[in-house]
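Structural characterization, general
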Amino acid sequence: MDDLHLIRELYTAPAPSDEVDADARARLTAAYARETPFTNPRRRGSARLRWGGAALGLLASAAAAAVVITSGDPEPLTAREILLAAADSVATTPAGGAYWVRSSVFGRELPEPGGRYTLKTATSMEVWLAASAGDTWAIRQDLGAKPATSKDEAAWRAAGSPRQWPMSGQPPVTIKADPGEREALKDETGKTLTLLGTPMTVTTLRGLPTSPDTLRAHLERLVAKGYGEAPSNMDEQLFENGAKLIMNFPVSPEVRAATFRMLAALPGATAQEEATDPLGRPGQAVIHDGSRLVVDTSTGQPLALETTVNGSRSYDAIKSATWTDKQPDLPAKRTTMNRD
C-alpha cells in the first residue's frame, strides 16, 4: 500500500491522473525544501501548511484543485503521518565503499541479583560489514552499569555501593560499573547480521522487495520461519522486525521507504509528535505494542528502537550508519566469532 492509496481512503475526491500525481509530488518536494517538516507549530506565529495531515492533504488537494492552508495550531500528527513523512524524506546515502559501518549504543535495564534495585547498562557497538568477499568485524565495548533511577541509587547505596554484579546465565557473566576494554569479533561465516535467524548478507539485502505489500509478505515468511509458525500477533512482529530492518542493515533508500509505508499501514500504533531518543536526540516516535521507534522525519533516518518485555526495557540507538573505504580501527583484543 503506497501513500496515494492511503490518500484515496482519506479523501473522497476523484482519483488523480498520473500527470496530477507527478505534479503533486513535485509540489510536495518543493514544499519540503522550503520548510523543515514538522517544526513545532506552537513556535510559529504565522499561517503555515499543516505538515503531516497537510502533507497528505497537499497531494490530495492537487487532485481536488484546492490547497489546504490553516492558521493557528494544527492537530497532532498521527502515527501513520509520521511514518509516511519519514518515507517521503528518505535520502539517498552513498552506496559505494569497502565496508558498511554501523555505530550504535545498546542499553538495557535489569534487576541486580538480589532484586533490590534496577541496573542500567550500556554497550557501544561498531559493525563493519564487508561489501564483497572479506572479513566482517564487530567491535564492542561495555560502557559500564549504574542504578537506573534515583530510587535505585538509594537502594544501591544501602546495599554497600557494589561495583560489580555476578549474573546467572549460560554462560554466567559479571556486570561491572567501570567501562571495559574494546574487543573485536572477526566473523568469517557471513552470519554477523541476521534477522529472525536469517543471515542478511549484502546480496540478500539487495534483493529485498521495494513494494510495501510485497515486503510485508516477505517479512511475514521470515517471522513464521523464525518462530516455527505464524505468531498470534503478526502485526506486532511486523512492526518490531520492520523497524529492525531499517535500523540494523544497509538497505537501499527504496527498501527503507517501502518499510516505513508498510509500518504506516499497520493498525494499533500511537504517536509522540515530539520525542527524544535514549541518547537525548529530538525526533518523533511511533509506539506499537512493546516497541517505540524514534525517527528523524526530515531525513527518514531511524534514531532508536526501544522495546519493553515483561517490564524490562532495552534500546538500540544508531549513532551513524554509512558506507566507507576506511579500514576498521581494530583493538588489540580480538577473537574469532564461532557460529554454526
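Predicted model, so just to flag it, every value in this text is computed and none were measured. (Residues numbered from 1 in each chain as written. Predicted model: local features only at pLDDT ≥ 70, side-chain atom pairs only at ≥ 80, totals over all residues. Heavy atoms only, no water.)

What to know about the packing of aromatic side chains
As a reminder of what qualifies: Only Phe, Tyr and Trp rings are paired, with Trp represented by its six-membered ring, and only when their centres lie within 6.5 Å; those with planes under 30 degrees apart are stacked, over 60 edge-to-face, the remainder tilted. Comment: elements are numbered from the N terminus, with helices defined as DSSP H or I runs of at least four residues and strands as E runs of at least two. Exposed residues in this analysis have more than 50% of their type's maximum accessible area, buried residues have under 20%, and partly exposed residues fall in between, with area computed by a 1.4 Å probe over protein chains only.
A full pass over the atoms with the stated rule returns one aromatic pair. Taken together, a centroid distance of 5.6 Å and an interplanar angle of 80° make the contact between Tyr-99 and Trp-128 edge-to-face. Of the two residues, Tyr-99 is situated in strand S1 (residues 99-111) and Trp-128 in strand S2 (residues 118-130); the sequence distance between them amounts to 29 residues. Across this residue pair, the class does not change: Tyr-99 and Trp-128 are buried.

So, the confidence of the model for the protein chain
Detailed reading of the predicted model is not advised wherever pLDDT is low. To keep things clear, this is the line we draw: Along the chain, pLDDT gives the predictor's confidence residue by residue, from 0 to 100. For this analysis, residues touch if any pair of their heavy atoms sits within 4.5 Å.
In the predicted model, the protein chain carries a mean pLDDT of 79, and 75% of its residues have values of at least 70. Across the protein chain, the secondary-structure element scoring lowest on mean pLDDT is helix H1 (residues 3-10), at 31, and the one scoring highest is helix H5 (residues 150-158), at 97. A low-confidence stretch, residues 1-71 (pLDDT under 50), is modelled with 97 contacts involving residues beyond four sequence positions or located in other chains.

Topic: the packing of helix H7 (residues 212-227) against helix H9 (residues 253-265)
To describe two helices that pack against each other, one gives the angle between their axes and the distance between the axes. What counts, and what does not: Interaxial angle, 0 to 180 degrees, is taken between N-to-C directions of lines fitted to C-alpha atoms, where a helix line uses only the stretch in contact. With respect to orientation, any angle under 35 degrees is reported as roughly parallel, any angle over 145 as roughly antiparallel, any angle of 65 to 115 as roughly perpendicular, and every other angle as oblique. In this count, Pro and Cys sit with the nonpolar residues alongside Ala, Val, Leu, Ile, Met, Phe, Trp and Tyr, while Asp, Glu, Lys and Arg are called charged and the others, Gly among them, polar.
The N-to-C vectors of H7 and H9 enclose an angle of 80°; their axes lie 8 Å apart at closest approach. On the basis of the axis angle, H7 is roughly perpendicular to H9. Two secondary-structure elements touch here, H7 through Pro-212, Leu-215, Arg-216 and Leu-219 and H9 through Val-255, Ala-258, Thr-259, Arg-261 and Met-262. Taken together, the residues of the contact of H7 with H9 sort by class into six nonpolar, one polar and two charged.

Looking at the pairing of S2
Short version of the rule: Should DSSP find at least two bridges between two strands, the strands are regarded as paired.
Across 13 bridges, S1 lies against S2 in antiparallel orientation. The residue bridging Arg-108 from the neighbouring strand is Thr-121, located in S2. Between S1 and S2, which pair antiparallel one after the other, the connecting turn spans six residues, and Gly-115 there sits at a positive phi close to 75°.

Some thoughts on the packing of helix H4 (residues 79-89) against H9
Contact geometry for H4 and H9: axes closest at 8 Å, N-to-C directions at 170°. Between H4 and H9, the interaxial angle falls into the category roughly antiparallel. Between H4 and H9, the residues in contact are Arg-80, Leu-83, Leu-84, Ala-86, Ala-87 and Asp-88 and Ala-257, Phe-260, Arg-261, Leu-263 and Ala-264, respectively. A per-class count over the contact of H4 with H9 returns eight nonpolar, no polar and three charged.

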